[in-house]
Amino acid sequence: MTKIPNVKRYAFLFFAVFILIVNGSILQSKSIPHDNDNYPFQLYMVANPESAYQNDHFNMSLSITNIHFEEISNVSLNFDISTDLEILQSSVPDIGTENDSSERNYPIGSLDVDEIYLFRVEYNVTSSDTKTLTVEGINVSFRLENGLSSFIISNTVNILLKGEQVATESKTLPEIPANYAPPDDSIIYLAYILPILVFGISIFILRRLRR
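Residues numbered from 1 in each chain as written. Predicted model: local features only at pLDDT ≥ 70, side-chain atom pairs only at ≥ 80, totals over all residues. Heavy atoms only, no water.

Asks: Quick question: what am I supposed to make of the nonpolar core here?
Replies: Nonpolar side chains tend to gather and get buried jointly when the protein is soluble and globular. If you look at the biggest cluster of nonpolar residues, it comprises 33 residues, and the most contacted ones within it are Phe-41, Leu-62, Tyr-123 and Val-140. Discounting chain neighbours no more than four positions away, the residues touching Leu-62 are Leu-43, Tyr-44, Met-45, Leu-77, Tyr-117, Leu-118, Phe-119, Ile-138, Val-140 and Ser-154. (Core = buried A, V, L, I, M, F, W, Y, C linked by side-chain atoms within 4.5 Å. Buried < 20%, exposed > 50% of the residue type's maximum accessible area, 1.4 Å probe, protein only. Contact = heavy atoms within 4.5 Å.)

So, in structure tokens, the structure goes:
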């Protein structure tokens, strides 16, 4: 008879632990979306061109679309700059006046429903290596109207670094000597007339030989 209360006690403890685990999972799923269908943003990052030599420039663009049913506030961007690149300019003002840190953080503000925000960066390739550089995705943090805050990371983009660009040497004509004098006109005329005279004389000689 004493075993029944113990069984009920264990069952109650198991049920309580199960409820705590389920509640924790629900809270976590509310604070951080797990799949693209639950994300309030649609992110897409592209590069143009996708290959570059050292000292070449290319553009990196990130489109952010609010696909949520309400306004999203406290939207900000956070990303690291590769040591193979340097920022020349951006759609964000004063991007070139940041400190020497490789990390960049820029607040955007609020985005209305269906609003599209385009973020663009122009990079200069500083590396002389030949390799495929993976530009990591941009971290987009935000806050919903219900107070929940989270972040989304965009897709990565691969850039083919082609190393140093070797300049092709073109052959140049030799320089004209300083004391060079153009030939006399009579010599030029003789150069045109002489082949004609030789041809005529050779025909005359051949005819004489045939007789």
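Next comes the rest of the description.
Asks: Is there a simple way to think about the pattern of salt bridges in this case?
Replies: For side chains of opposite charge, pairing can occur when their charged atoms come near one another. One pass over the structure, following the stated rule, counts 1 salt bridge. Across the salt bridge formed by Lys-131 and Asp-84, the nearest N and O atoms sit 2.9 Å from each other. Linking Lys-131 in strand 8 (residues 130-135) with Asp-84 in the loop between strand 4 (72-80) and strand 5 (85-90), this pair joins segments that are 47 residues apart in sequence. Lys-131 sits in the partly exposed class, given a relative accessible area of 33%. The class for Asp-84 is buried, based on a relative accessible area of 10%. (Salt bridge = Lys/Arg side-chain N within 4 Å of Asp/Glu carboxyl O. Helix = DSSP H or I, 4+ residues; strand = E, 2+ residues; numbered from the N terminus.)

Asks: I'm lost on the layout of surface pockets in this one. Help?
Replies: Rolled over the atoms, a probe as big as a water molecule pinpoints where empty space is left. Taken as a whole, the largest pocket encloses approximately 220 Å³ of empty space. Contributing to the lining of the largest pocket are 18 residues, with Phe-79, Asp-80, Ile-81, Val-135 and Glu-136 lying nearest its centre. Of the residues contributing to the lining of the largest pocket, the split by class is 11 nonpolar, 5 polar and 2 charged. (1 Å grid on protein atoms, 1.4 Å probe; cavity = no way out; pocket = protein on both sides within 12 Å on 5 of 7 lines; lining within 4 Å. Points joined across faces, edges and corners; volume = space filled by probe spheres on them. Nonpolar A, V, L, I, M, F, W, Y, C, P; charged D, E, K, R; others polar.)

Asks: It is not clear to me how unusual backbone geometry should be interpreted in this structure. Could you clarify?
Replies: Excluding glycine, a negative phi dihedral is what most residues carry, and trans is how most peptide bonds are arranged. In this structure, Pro-49 follows Asn-48 across a cis peptide bond, with omega equal to -5 degrees. Take Pro-49: it is sitting in the loop between strand 1 (41-48) and strand 2 (51-52). Even without a glycine there, the phi angle at Asn-74 is positive, about 55 degrees. Inspection of the secondary structure assignment puts Asn-74 in strand 4. Residue classification places Asn-74 among the partly exposed positions, given a relative accessible area of 46%.

Asks: Help me understand the packing of aromatic side chains, please; the structure alone is not making it clear to me.
Replies: For any pair of aromatic rings, geometry is given as the distance between the ring centres together with the angle between the planes. In this structure the tally under the stated criterion is 4 aromatic pairs. When the centroid spacing of 5.4 Å and the interplanar angle of 90 degrees are considered together, the rings of Phe-41 and Phe-142 count as edge-to-face. On the criterion of sequence distance, the pair formed by Phe-41 in strand 1 and Phe-142 in strand 9 (residues 139-143) is long-range, its members being 101 residues apart. With respect to class, Phe-41 is no different from Phe-142; both count as buried. Arranged with centres 6.3 Å apart and planes meeting at 40 degrees, the rings of Phe-79 and Tyr-106 form a pair that is tilted. With Phe-79 in strand 4 and Tyr-106 in strand 6 (residues 103-111), the pair connects residues that are 27 residues apart, well separated along the chain. (Phe/Tyr/Trp six-rings, centres within 6.5 Å; stacked < 30°, edge-to-face > 60°.)

The values are spatial; any link to function lies outside them.
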